[in-house]
Protein chains: 2
Amino acid sequence: MTQQIEYWFTAGSTYNYLTAQRIGQACGQAGVPLVLKPFYLGDIFKEAGFWPFHPDTARTRYMWHDIARSASQMGLSPTLPAPYPAPQTPLANRVAFLADAQGVGLDWLIAAYVEWFHAGHLAGEDANLRPSLKAVGLDPDEIIAAAQEPATEAALQTLTQEARDKGIFGAPSFWVDGELFWGNDRLEAAIAHATK
Amino acid sequence: MTQQIEYWFTAGSTYNYLTAQRIGQACGQAGVPLVLKPFYLGDIFKEAGFWPFHPDTARTRYMWHDIARSASQMGLSPTLPAPYPAPQTPLANRVAFLADAQGVGLDWLIAAYVEWFHAGHLAGEDANLRPSLKAVGLDPDEIIAAAQEPATEAALQTLTQEARDKGIFGAPSFWVDGELFWGNDRLEAAIAHATK
């Protein structure tokens, strides 16, 4: 029986730029239902005392080069390195949750990454949120106001606790029938597990 | 023109267990020359203030689960989690360098990982070095003595500086014609780049 894929992400992840662009088509072709799970990965990083990409390190320089290489193979031409990190990522994750509740979560996420990686507007900033929300037919004022509501924050806290409970420590991650797959490169393995 | 692959590794890397087992066949089938480059990744981690796998973290638990899953797909049955980290890794890397100079670098590396991941003897410890060296026809006393020589240490320091200069920050890494690929999962991309 085909299982669903839970797509655990933060809108502030760099590699998730690649995943957002391809996960819809990949799951669609495989007939795998896709469930969006935005969460506060930054909280989990803080708890672990870990931050993956500090400025001007070999790891971070490689990360941008690697994303550029993968994007090129996908026919994408982002302007890299993009500004990073994105301090307003928690707000972006709450917006992702609200956009998903309106049925346009993935479309919005892609639009937000285009604003960030192609136009240089950081995730969660007004210059990113307004055009990306408009692009998917949502009212920016309405969604941004709802993103400040305690109920929205509580929903993200619940998701983040669920991520902790599942042992999620990075993003994007894929959870399929009790198995965890970490990283954009493991999307195919997650889909294979969902359809086996 | 087919390019060679430089295989940058530390004998103390966990994911390198998988790479050691498959890189010889993968390069052989593709007709890609393979050059072994052991180096002191631990020094580079220290300089970066970074250690990837602390005990009892979600990241480390996932790492062992992920290696077990990949090993199973390769028909391997290691006993995991293996003891980790391996404090004698620098010695193991000097032994790798010397074994490679004798033409059995990769064979020794595989034997050392079998000792570590299947028999529970940490990389670089006597209980690992002696059987793994014997398994590839080398004299343990002779190689272990040579591994303490200043010239061997100097060779590793030179390799480690070359790794720094190439922006290498993790292992296994593959360097092909000026392009860096990090991680066991990227071996296929490295081979594709070498044969394009």
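Reading guide: rules and limits
- Residues numbered from 1 in each chain as written.
- Chains lettered and ligands numbered in written order.
- Predicted model: local features only at pLDDT ≥ 70, side-chain atom pairs only at ≥ 80, totals over all residues.
- Heavy atoms only, no water.
- Contact = heavy atoms within 4.5 Å.
- Buried area = accessible area lost by both parts, 1.4 Å probe.
- Salt bridge = Lys/Arg side-chain N within 4 Å of Asp/Glu carboxyl O.
- Helix = DSSP H or I, 4+ residues; strand = E, 2+ residues; numbered from the N terminus.
- Buried < 20%, exposed > 50% of the residue type's maximum accessible area, 1.4 Å probe, protein only.
- Axes fitted to C-alpha atoms, helices over the stretch in contact; angles between N-to-C directions.
- Parallel < 35°, antiparallel > 145°, perpendicular 65-115°, else oblique.
- Left-handed = near helix turned anticlockwise from the far one by under 90°.
- Nonpolar A, V, L, I, M, F, W, Y, C, P; charged D, E, K, R; others polar.
- Expected span 1.5 Å × (residues − 1).
- Bend = angle between axes of the 7 residues up to and from the residue.
- pLDDT = per-residue confidence, 0-100.
- Polar contact = N/O pair within 3.5 Å; in protein donor to acceptor, adjacent residues only side chain to side chain.
- Pairing = 2+ DSSP bridges.
- Least-squares fit on C-alpha atoms with pLDDT ≥ 70 in both.
- Right-handed = clockwise from strand over helix to strand, strands pointing away.

### Topic: the interface of chain B and chain A
No. 1: Facing 17 residues of chain B, the contacting portion of chain A comprises 17 residues.
No. 2: In total, about 1800 Å² of surface goes out of reach between chain B and chain A, with carbon and sulfur atoms giving 49% of it.
No. 3: Considering only the surface of chain B that becomes buried against chain A, Arg59, Tyr62 and Arg186 of chain B emerge as the three largest contributors, covering 36% of it.
No. 4: At the boundary of chain B with chain A, the tally comes to six salt bridges.
No. 5: Here aspartate 66 of chain B and arginine 186 of chain A are joined by a salt bridge, their closest N and O atoms 2.4 Å apart.

### Remarks on the pattern of salt bridges
No. 1: A complete count under the given rule lists 24 salt bridges over all chains for this structure.
No. 2: A salt bridge links aspartate 185 of chain B to arginine 186 of chain A, with the nearest nitrogen and oxygen atoms 2.7 Å apart. Here aspartate 185 of chain B, found in the loop between β4 (179–182) and α9 (187–195), pairs with arginine 186 of chain A, found in the loop between β4 (179–182) and α9 (187–195), and the two come from separate chains.
No. 3: In this structure aspartate 185 of chain B comes out as partly exposed when scored by relative accessible area, which is 38%.
No. 4: Here the salt bridges do not stand alone but share partners, grouping Asp66, Arg69 and Asp185 of chain A together with Glu179 and Arg186 of chain B into one network.

### Some words on the packing of helix α5 (residues 105–118) of chain A against helix α6 (residues 126–135) of chain A
All names here are of chain A.
No. 1: Remark: α5 packs on α6, axes separated minimally by 9 Å, with the N-to-C direction vectors making an angle of 140°. Taken together, the axes of α5 and α6 are oblique relative to one another. Judged by the sense of rotation from one axis to the other, the crossing of α5 with α6 is right-handed. For the pair α5 and α6, the contacting residues are Trp108, Ala111, Ala112, Glu115 and Trp116 in the first and Ala127, Asn128, Leu129, Pro131, Ser132, Leu133 and Ala135 in the second.
No. 2: A per-class count over the contact of α5 with α6 returns nine nonpolar, two polar and one charged.

### Points about helix α1 (residues 16–30) of chain A
Residue and element names in this part refer to chain A.
No. 1: Taking 1.5 Å per residue, 15 residues should reach 21 Å; α1 reaches 20 Å between its end C-alpha atoms and fits that length.
No. 2: At arginine 22, α1 shows its maximal kink, close to 40°.
No. 3: When α1 is considered as a whole, its buried residues turn out to be Asn16, Tyr17, Leu18, Thr19, Ala20, Arg22, Ile23, Ala26 and Cys27.
No. 4: Residues of α1 that are buried make contact with β1 (5–9), β2 (34–38), α3 (58–73), α5, β3 (173–176) and α9.
No. 5: Just beyond α1, the residue with positive phi is glycine 31, at close to 70°.

### Structural notes on the confidence of the model for chain A
No. 1: Looking at chain A as a whole, its pLDDT mean stands at 97, while 100% of the residues score no less than 70.
No. 2: Overall fold confidence (pTM) sits at 0.96, and the ipTM for the predicted complex is 0.94.

### Considerations on unusual backbone geometry
No. 1: A cis amide bond links leucine 80 of chain B with the next residue in sequence, proline 81 of chain B, at an omega value of -5°.
No. 2: Here proline 81 of chain B is to be found in the loop between α3 (58–73) and α4 (89–101).
No. 3: Phi at aspartate 177 of chain A is positive, roughly 50°, even though this residue is not glycine.
No. 4: Topologically, aspartate 177 of chain A is positioned in the loop between β3 and β4.
No. 5: A positive phi angle, close to 55°, is found at aspartate 56 of chain B, a residue other than glycine.

### A few points about the side chain of aspartate 66 of chain B
No. 1: The topology assignment puts aspartate 66 of chain B in helix α3.
No. 2: Side-chain polar atoms of aspartate 66 of chain B contact the side chain of tyrosine 15 of chain B, separated by 2.6 Å.
No. 3: Excluding its chain neighbours within four sequence positions, the residues that come into contact with aspartate 66 of chain B are Arg186 of chain A together with Tyr15 of chain B.

### Re the sheet that holds strand β1 (residues 5–9) of chain B
All names here are of chain B.
No. 1: Across the sheet, four strands lie side by side as β2-β1-β3-β4; this open sheet has mixed pairing. Looking at strand neighbours, the two that pair on one side only are β2 (34–38) and β4, the edges of this open sheet. Averaged over all adjacent pairs, the angle separating strand axes in this sheet is 25°, with direction ignored.
No. 2: Where β1 meets strand β3 (residues 173–176), three bridges bridge the pair, whose relative direction is antiparallel. Its bridge partner being in β3, tryptophan 8 is matched across the sheet by serine 173.
No. 3: Here helix α1 (residues 16–30) sits on the sheet in contact with β1, β2 and β3, set at roughly 165° to β1.
No. 4: On the sheet, α9 packs against β1, β3 and β4 and is oriented at approximately 10° with respect to β3.

### Thoughts on the relation of the copies chain B and chain A
No. 1: When chain B is fitted to chain A, the residual RMSD is 0.0 Å, and the transformation amounts to a turn of 180° plus an axial shift of 0.0 Å. The transformation relating the two chain copies, once decomposed into turn and shift, fits a two-fold axis. For chain B, the minimum C-alpha distance to the rotation axis belongs to aspartate 185 of chain B and amounts to 3.9 Å.
No. 2: Mapped onto chain A, 100% of the interface residues of chain B are again interface residues, and the two copies thus contact each other with one and the same surface.

### Quick look at the pairing of β2 of chain B
All names here are of chain B.
No. 1: The pairing of β1 with β2 spans five bridges and is classified as parallel. Bridge pairing links tryptophan 8 to lysine 37 in β2.
No. 2: In terms of handedness, the path from β1 via α1 over to β2 forms a crossover that is right-handed.

### Focus: the environment of valine 136 of chain A
Residues and elements named next belong to chain A.
No. 1: Within the secondary structure layout, valine 136 lies in the loop between α6 and α7 (140–146).
No. 2: Taking the C-alpha atoms as reference points, valine 136 and tryptophan 108, 28 residues apart in sequence, are found 6.0 Å from one another.
No. 3: Not counting chain neighbours up to four residues away, the residues in contact with valine 136 comprise Val104, Asp107 and Trp108.

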